[in-house]
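Residues per chain, in single letters:
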Amino acid sequence: MSNAIDREGLSEAQLVAGLKKGDEEAYRTLVRRYEDRLFKVAFGILLDREEAWDIVQDVFFKVYQSIHTFKAQARLSTWLHRITVNHCLNWKRRWKRRLRQFHRPLDADSNDPLGRYPPIGTEQYQPERQVREKQMAQHLWQYVAELPEEARAVFMLKEVEGLSYDEIAEVLGIKRGTVSSRLFYARKRIKKALAPYLKEEGDP
Amino acid sequence: MLILLLTGSGAWAGPKVKINIKTVLASQSKKGVDGQLRAMTQELNSVFKYSSYQLLSKDRMVLNLNQTGRAKLPGNRALTITPTRILGNRVELKLAIFQKKRQQFATVFQLLNHGSMIVGGPRHNKGHLLFNISGDY
Amino acid sequence: MNTAINPCDARRLIRYHDNELPAGERQAVADHLAQCSRCRRALAQQQHLRRFVQQAANGAAARTPRPDVESALLARIKNRGASPPATPRSWSPRRWAPAAALALATLVVTVIYNPWPEAVVSREPSAIVESFHGNVSTVMILQTQTTGQTIVWFNEISEPDGESDGNQSAPPAVDRSAHPAADRQRSVGRA
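On a predicted model such as this, the values are computed, not experimentally measured, just so you know.

**Details of the overall build of chain C**
Point 1. Counting its regular elements, chain C contains six helices and four strands.
Point 2. What you see in chain C, going N to C, is helices and strands ordered as α-α-α-α-α-β-β-β-β-α.
Point 3. Looking at chain C as a whole, 25% of its 191 residues qualify as buried.

Here it is as structure tokens:
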């Protein structure tokens, strides 16, 4: 990182104060703290790395544009999640996405659909494990792709971000009961993806 | 004498540092250079591209070490300067610029004896203020 | 609560897994799990699915190519120009908590600028700057070629009052390409 000072110790209140002041360091901290988390949520909805990173950048810029509307008592992460999901589910993007996917289905660039792997010779290079992981992930995302995008949002916020039902309801502006039933539905569908791997993990 | 200067401390008054501050308005919207500023502006023209330099005020002070001098500047501003010690052929100075009583900028520097430094540039009247600070002891 | 009627309630198990049950029900499920291998298996599957999704998501995030979000954001903000509504915004390295950052937070960078990059500055500078700090947006330290005159230049943060003439840029310089621009100053880092 370019900055020697580690700002990770900043409390949320301090971070928000810095963001409101337009402090560059605060924005750097914001990115470092949240970029991966927001990417994962976006990716789970969009299933496209490039687009997910675009969304992440748009979200941070949106923070810059709207931070003056953010009320100090609110939770920053809730706000960030909401912006992220809204950007993903924005209707204009969806149309563009559908057009793109129509011409380029999910597994079209199957050579490297999820990005490059560690190069040969590095510690991280473990071909068998990585091939397997790749297959598992492929499987998972294929099933996630069959879910409606709103269900994907609930699923990712729960499984990856660990939000509670109430928090998810707040982010998405839906009822707690809706969260619960969407989750149930999503998990039922996705368990099928896991079926072959679950067996291998070994039932007791 | 030199040794005394170098070890100057509390009891004895110590050297007197003479400070001159010229407040100049540099702008692009006017033309002409104040006669008193020719030498300075010649140097500045190698760096800046202002078309006019206008001398607004001159302040002169004689300060002991750790004594603070104050100059009023245009636009609700003020400047304070404090010589703190003599280091060889230089005098260490603390300078602060205030706007509306709030400190805006501060710097500590070692000024060559009979040398000058230019600090700038708050905006003023469609131009920028710069302060030519010279000193000797 | 019908623990007696349907102990293997799939939905309740899911809520247990999601930590959404009140304490009493939570305990009831835990007690049940101790006795029911079917439910234990179902719970293990839920847990496995979660780990699986997290792993896949982490993998997607870690894979290259990855953009430099930090730099891209700052560049985008700087190129924006006008400040967003309500609060005046600027890239002022302001003082703020923690206290340790006080002295550092207001610095930008020290640049010794020689307007003729080829020439060697052999003259002793008229002033040696030891330190500076301020509630300002950028600071430049220059030294003229011929006499070694030191110039310390700072740019004010634009104020919403009458003093501002809208001109926030550095003083007009002879050779803009040699002039350390605000962007470069930022990338050099802090002193």
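**Some words on the interface of chain C and chain B**
Point 1. With 33 residues of chain C at the contact, the number on the chain B side is 28 residues.
Point 2. Of all elements in the fold, only β2 (127-134), β3 (136-143) and β4 (150-156) of chain C reach the threshold of two or more residues within the side of chain C that touches chain B.
Point 3. Ranked by residues supplied to the side of chain C that touches chain B, first place goes to β2(C) with eight residues.
Point 4. Taken together, the residues of the side of chain C that touches chain B break down into 15 nonpolar, 13 polar and five charged.
Point 5. Two strands pair when backbone bridges link them, and strand β8 (residues 116-124) of chain B and β4(C) are joined in this way by four bridges, in the parallel orientation. Among the inter-strand pairings, Val119(B) is bridged to a residue of β4(C), identified as Val152(C).

**Considering the environment of Lys175(A)**
All names here are of chain A.
Point 1. For Lys175, the position within the fold is in the loop between α8 (165-172) and α9 (176-201).
Point 2. Look at Lys175 and you get exposed, because 11 C-beta atoms sit within 10 Å.
Point 3. The spacing of Lys175 and Tyr165 is 10 residues in sequence and 9.0 Å in space, taken between C-alpha atoms.

**Notes on the nonpolar core**
Point 1. Core analysis: the largest hydrophobic core is formed by 57 residues, its most contacted members being Ala42(A), Val56(A), Leu140(A) and Val154(A).
Point 2. No other element matches the 12 residues that helix α2 (residues 24-46) of chain A contributes to this core.
Point 3. Residues contacting Leu140(A), with those up to four places away along its chain left out, are Ile190(A), Ala193(A), Phe52(C), Val53(C) and Ala56(C).
Point 4. Formed by 47 residues, the second largest nonpolar core is a distinct cluster that contains Met40(B), Leu73(B), Ile118(B) and Tyr137(B).

**Details of unusual backbone geometry**
Glycine aside, a negative phi is what most residues show, and trans is what most peptide bonds show.
Residues and elements named next belong to chain B.
Point 1. A cis amide bond, omega -10°, links Gly120 with the succeeding residue Gly121.
Point 2. Phi angles above zero are rare outside glycine, and Lys100 is one such case at about 50°.
Point 3. Among the structural elements, Lys100 can be located in the loop between β6 (90-99) and β7 (102-112).
Point 4. The phi dihedral of His114 falls on the positive side, at around 70°, and the residue is not glycine.
Point 5. With respect to the helices, strands and loops of the structure, His114 is situated in the loop between β7 and β8.

**A few points about the sheet that holds strand β4 (residues 69-73) of chain B**
Point 1. Ordered in space as β4(B)-β5(B)-β6(B)-β7(B)-β2(C), the five strands form an open sheet in which the pairing is antiparallel. Here the strands that pair on one side only, and so sit at the sheet edges, are β4 of chain B together with β2 of chain C. With direction set aside, neighbouring strand axes in the sheet form an average angle of 20°.
Point 2. Note that β4(B) and strand β5 (residues 77-87) of chain B share five bridges and pair antiparallel. Residue pairing for β5(B): Leu73(B) is matched across the bridge by Arg77(B).

Cut-offs and rules
Residues numbered from 1 in each chain as written. Chains lettered and ligands numbered in written order. Predicted model: local features only at pLDDT ≥ 70, side-chain atom pairs only at ≥ 80, totals over all residues. Helix = DSSP H or I, 4+ residues; strand = E, 2+ residues; numbered from the N terminus. Buried ≥ 20, exposed ≤ 12 C-beta atoms within 10 Å, placed from the backbone. Contact = placed C-beta atoms within 7 Å. Nonpolar A, V, L, I, M, F, W, Y, C, P; charged D, E, K, R; others polar. Pairing = 2+ DSSP bridges. Core = buried A, V, L, I, M, F, W, Y, C linked by C-beta atoms within 7 Å. Axes fitted to C-alpha atoms, helices over the stretch in contact; angles between N-to-C directions.

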